[in-house]
Amino acid sequence: MSRRIRWAVAAGLVAAVAAAPGAARAGTARQEAEISFIYPAGAQQGATLEITVGGQNLAGTNEVLLTGSGLSASVIRFARPLSAQALDMVENKMRMVSDFHMRQRTATEKGKADHATTLALLAAQASEEVEMAVAKLGVDDPSPSGFAEFRRMISNPKRQPNAQLADWVTVRLTVASNAPPGQRELRLKAAAGITNPLYFHVGQCREYREKEPNDITPDTGALAYRLEGIDLPDAEDLPIILNGQIMPGDVDRFRFRVRKGTRLVAAVSARSLVPYLADAVPGWFQATLALYDPKGRELAYSDDFRFDPDPVIYYEIPEDGEYTFEIHDSIYRGREDFVYRIAVGELPFITSIFPLGGRIGAKTTLELKGWNLPAPTLTLDAQGKQTGTIPVSVTRNQRVSNRVPFALDDLPECLEAEPNNEPPKAQAVKLPIIINGRVDTPGDWDVFAFQGRAGDELVAEVHARRLRSPLDSLLKITDPAGKTLAVNDDHEDKGAGLTTHHADSFLCLKLPADGLYRVHLGDTQRQGGPAHAYRLRISPAQPDYELRVVPSSIQAGPGAIVPIAVHALRKDGFAGEIALSLKDAPKGFELNSGWVPDGQDQVRVTLTFPITPQGTAPKLSIEGCAAIRGAEVRRTATPAEYMMQAFAYYHLVPTKDWFITMGGGGRGAPPVKFAGSGPAKLASGGTGRVLFSLPKAFPPNELRFELDDPPKGITIKEVLAEADAVALVLALDAKEAKPGLKGNLILHAIREVTPEAKEGQPRRAPVRTPLGLLPAVPFEVVPGPPAPAAAPAK
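Residues numbered from 1 in each chain as written. Predicted model: local features only at pLDDT ≥ 70, side-chain atom pairs only at ≥ 80, totals over all residues. Heavy atoms only, no water.

J.: Break down the overall build of the chain for me, citing the residues and quoting the values.
T.: Looking only at helices and strands, the chain has three helices and 58 strands in total. Across the 794 residues that make up the chain, the buried fraction comes to 49%. Sequence-distant contacts in the chain: of pairs separated by 6 or more residues, those separated by 24 or more amount to 71%. Looking at the chain as shown, the accessible area adds up to about 37300 Å², and 51% of this sits on carbon and sulfur atoms. (Helix = DSSP H or I, 4+ residues; strand = E, 2+ residues; numbered from the N terminus. Buried < 20%, exposed > 50% of the residue type's maximum accessible area, 1.4 Å probe, protein only. Contact = heavy atoms within 4.5 Å. Areas by Shrake-Rupley, 256 points an atom, 1.4 Å probe, with all protein chains shown as cover.)

J.: Could you give an account of unusual backbone geometry, with specific residues and numbers?
T.: Here the residue pair Glu 418 and Pro 419 is connected by a cis peptide bond, since its omega of 0° sits within 30 degrees of zero. In this structure, Pro 419 sits in the loop between strand E27 (413-415) and strand E28 (427-428). In this chain, Val 550 is followed by Pro 551 through a cis amide linkage whose omega measures 0°. With respect to the secondary-structure elements, Pro 551 resides in the loop between strand E37 (544-550) and strand E38 (553-556). The residue Asn 57 is not glycine, and still its phi comes out positive at about 60°. Take Asn 57: it is sitting in the loop between strand E3 (48-56) and strand E4 (63-66).

J.: Break down the packing of aromatic side chains for me, citing the residues and quoting the values.
T.: What the rule picks out here adds up to 12 aromatic pairs. Note on Phe 450 and Tyr 517: the rings are 6.0 Å apart at their centroids and 20° apart in plane angle, and the pair reads as stacked. Linking Phe 450 in strand E30 (residues 445-452) with Tyr 517 in strand E35 (residues 515-523), this pair joins segments that are 67 residues apart in sequence. One aromatic cluster in this structure is built from Phe 305, Tyr 314, Phe 349 and Trp 371. Across from the ring centre of Phe 307, 4.4 Å away, lies the NZ or CZ of Arg 465, which sits over that ring. (Phe/Tyr/Trp six-rings, centres within 6.5 Å; stacked < 30°, edge-to-face > 60°. Lys NZ or Arg CZ within 6 Å of the ring centre and 35° of its normal.)

J.: Please give an account of the pattern of salt bridges that cites residues and values.
T.: Charged atoms that come close allow side chains of opposite charge to pair. Using the criterion set out here, one finds 37 salt bridges in the structure. Between Lys 369 and Glu 367 there is a salt bridge, with its nearest N and O atoms 3.9 Å apart. Note on Glu 367: relative accessible area 28%, which makes it partly exposed. Between Asp 504 and Arg 466 there is a salt bridge, with the nearest N and O atoms lying 2.8 Å from each other. Here Arg 466 lies in the loop between strand E31 (457-463) and strand E32 (473-478) and Asp 504 lies in the loop between strand E33 (484-488) and strand E34 (506-510), a separation of 38 residues in the sequence. Overlapping salt bridges bring together Glu 461, Arg 466, Asp 493, Asp 504, Arg 537 and Asp 572 as one network. (Salt bridge = Lys/Arg side-chain N within 4 Å of Asp/Glu carboxyl O.)

J.: An account of the side chain of Thr 67 is needed here, citing residue identities and associated values.
T.: Along the chain, the position of Thr 67 falls in the loop between E4 and strand E5 (71-79). A distance of 2.8 Å separates the side chain of Thr 67 from the backbone nitrogen of Glu 185, its partner in a polar contact. (Polar contact = N/O pair within 3.5 Å; in protein donor to acceptor, adjacent residues only side chain to side chain.)

J.: Describe the nonpolar core, listing the residues and the values that go with them.
T.: Of all hydrophobic cores here, the largest spans 37 residues; its most connected members are Leu 242, Phe 256, Leu 289, Phe 325, Ile 327, Ile 342 and Val 344. Those elements that provide at least two residues to this core are strand E1 (34-39), strand E11 (240-245), strand E12 (251-258), strand E13 (263-269), strand E14 (287-292), strand E17 (321-329) and strand E18 (339-345). Looking at which element gives the most residues to this core, the answer is E18, with four residues. With residues near it in sequence (within four places) discarded, Ile 342 still touches Ile 240, Ile 241, Leu 242, Ala 266, Ala 267, Val 268, Leu 289 and Ile 327. (Core = buried A, V, L, I, M, F, W, Y, C linked by side-chain atoms within 4.5 Å.)

J.: Any chance you could break down the sheet that holds strand E40 (residues 578-582) for me, citing the residues and the numbers?
T.: Pairing is antiparallel across the open sheet formed by four strands, whose spatial order is E42-E40-E44-E45. The open sheet has two free edges, formed respectively by strand E42 (595-596) and strand E45 (631-636), since each of these has just one partner strand. Pairing analysis gives two bridges linking E40 to E42, with the strands arranged antiparallel. Looking across to E42, one finds that Ile 578 is bridged to Val 596. (Pairing = 2+ DSSP bridges.)

J.: Help me get a handle on the sheet that holds strand E51 (residues 687-693), residues and values and all.
T.: Sheet strands pair by backbone hydrogen bonding; their relative direction is either parallel or antiparallel. Taking strand neighbours across the sheet as the criterion, the four strands line up as E49-E51-E54-E53 in an open arrangement whose pairing is antiparallel. Two strands close off the open sheet at either side, each with one partner strand: strand E49 (673-674) and strand E53 (714-722). In this sheet, strand E54 (residues 725-732) lies alongside E51 in antiparallel orientation, the contact comprising seven bridges. Residue pairing in the sheet places Leu 691 in a bridge with Ala 727 of E54.

J.: Would you mind going over empty space enclosed by the protein in detail, with residue names and values included?
T.: Tallied over the full model, the rule gives one cavity of 30 Å³ or more. Of the pockets and cavities examined, the largest cavity occupies roughly 30 Å³. In terms of lining, the largest cavity is formed by Arg 465, Arg 466, His 491, Thr 499, His 501, His 502, Ala 503 and Asp 504. Looking at side-chain class alone, the lining of the largest cavity contains one nonpolar, four polar and three charged residues. (1 Å grid on protein atoms, 1.4 Å probe; cavity = no way out; pocket = protein on both sides within 12 Å on 5 of 7 lines; lining within 4 Å. Points joined across faces, edges and corners; volume = space filled by probe spheres on them. Nonpolar A, V, L, I, M, F, W, Y, C, P; charged D, E, K, R; others polar.)

Right under this line is the structure:
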């Protein structure tokens, strides 16, 4: 549903509008700028169009930030919801215009020409003001009837006002004709900071934006021609990309002419555009798609593609005619961020590949399955590639297919060899190895045998669901006597931020004795088929790690200190400390207390901005360094967003770039310095002192501190003034802040002064002045004093 209503404060008409919800207020924390949808969420190569970006705290947006090449954008207008009072003012002005016109006609009929002329001028002036105001509201029809429809729409009881969608920014975007097709990330730069990214797609096909109403009568606007008596013109309606929005209870229908024999593909992008909805179950727009023949009979229906929530339909058209697609939410929910794109046409679409990966430096021939593919195989050359995943696609008739992941590794590889579904027929392998195989039929098991030694630390890991295979793996290891040593169904990989069902298995164990061991791999749901492919790694443990840095966008003034979170994704049992530093950073940037303590998966650090503003946006990255088995292992942190799904679940979703910009005024770091040379030692069940130095001119007794999201069990007890210093005394709960806990403390410094009260007046309240965030302070919890002995029983 695309009711393109944009809200704005109409200058000159709505001066009484109150300050917007979420705006920064004196003495309170500034709200972050966030975007929740882009509509439409894509455009064809060579197009120039206006798009709407919806979110919250977007006032002052002045720049659009895009990844990739071939796109340029500028901000046209900012929109924010009007109060009922402001809407009434616009409506009253409309009544005034109508009244002027009526009085003008009366004056003309009575021969009062001068008076009639004056009234006509007043009516024209008021009409111009109304049209400008209504245009700023984004109403397509600025007439009184159009505004009345606007009011009916926003007062619709089905409509669900939502603060996170309240601000709208209109952007003019131009896509170069040679812009590479595919996904980009779009952010806005607002007064409250840089927003999170959302996805925008560059396509190759003609694009169409739905026109309402199309709930009952299908939208025919996408037809290439509307000539009566012509069944199918030379110009084809397809391929095309349909863009729309679903509102509560909404159903969108589209009609097309399609030729007999067309191998029609319709692929929906919905969840892939807005990966997670924080306040909706299941956490995304769950689209359903149906295809109807010219007589209205349902031919095909889909509400997903295997485990992917976005539906895909493939159907070979039996006869020429006009066919209809229908899309809606599975339970008829809807709002502005239920945005979709449907690619319709005889388009190439890959449903599966085999194998799912290959070895670096080698060529791999892939078996392709799907619809409208140019060939059944594809050869990939991994020369000069790095470990990880790369996207694979094919091109047919100059149209690029969907992209599927292909894994690259540096271990030896082999193919599974049947029959191997029973222990006596187990396929012998030599470690380390990655086996590329399939669970070919429902209930199939693949068994692999290898020689192991007592004390060897072994890892068996499946990559299938993370590579878009429908396999829901089950993994077990048996000893030489056939006894089961370990079993695993699902293992969570926090690096797979867009995966909600972690269906891949992982086992790590020490072998108890020398002998022949077996790894058994099957499907938990006893499913199978050619698409149920996997990569099974059997090897000694390979300790390693990856890093994610959150948030992916930061804007701060000169000299500012901002907190960031670094997540360590540890692999194969690695638990060591990771040193963090800025890589190739411009002068003046500093990472404070950069470390991920041993055994910890997350730490908060602070980033200090230089005092001198930078001329261009700095390119920053964080690098980790850890000692693993005597070698120095360095890894660059991937920027990510920490996204909430369905009120409760959080995911680390990687992004392409780490956007760091300097803007606004800066007051520099507080005149307070941590006086320690290493982690502050804090006693579990007792207290710990953290000493800070001060300039001589700063009265120590006026300094106060506040902890920012501290570890559980750590609280401020008191602040003690000393000569040119203060001691922050922290209290530690023995049950929550246990010995071995390490990390960083994030502290706000505040100056508190109590004004003198005049004689005879009550004592005045203290005045608190925020000084800013301090550089992160490292800490370690150590054993505290022994608990007092229990009193003897009487």
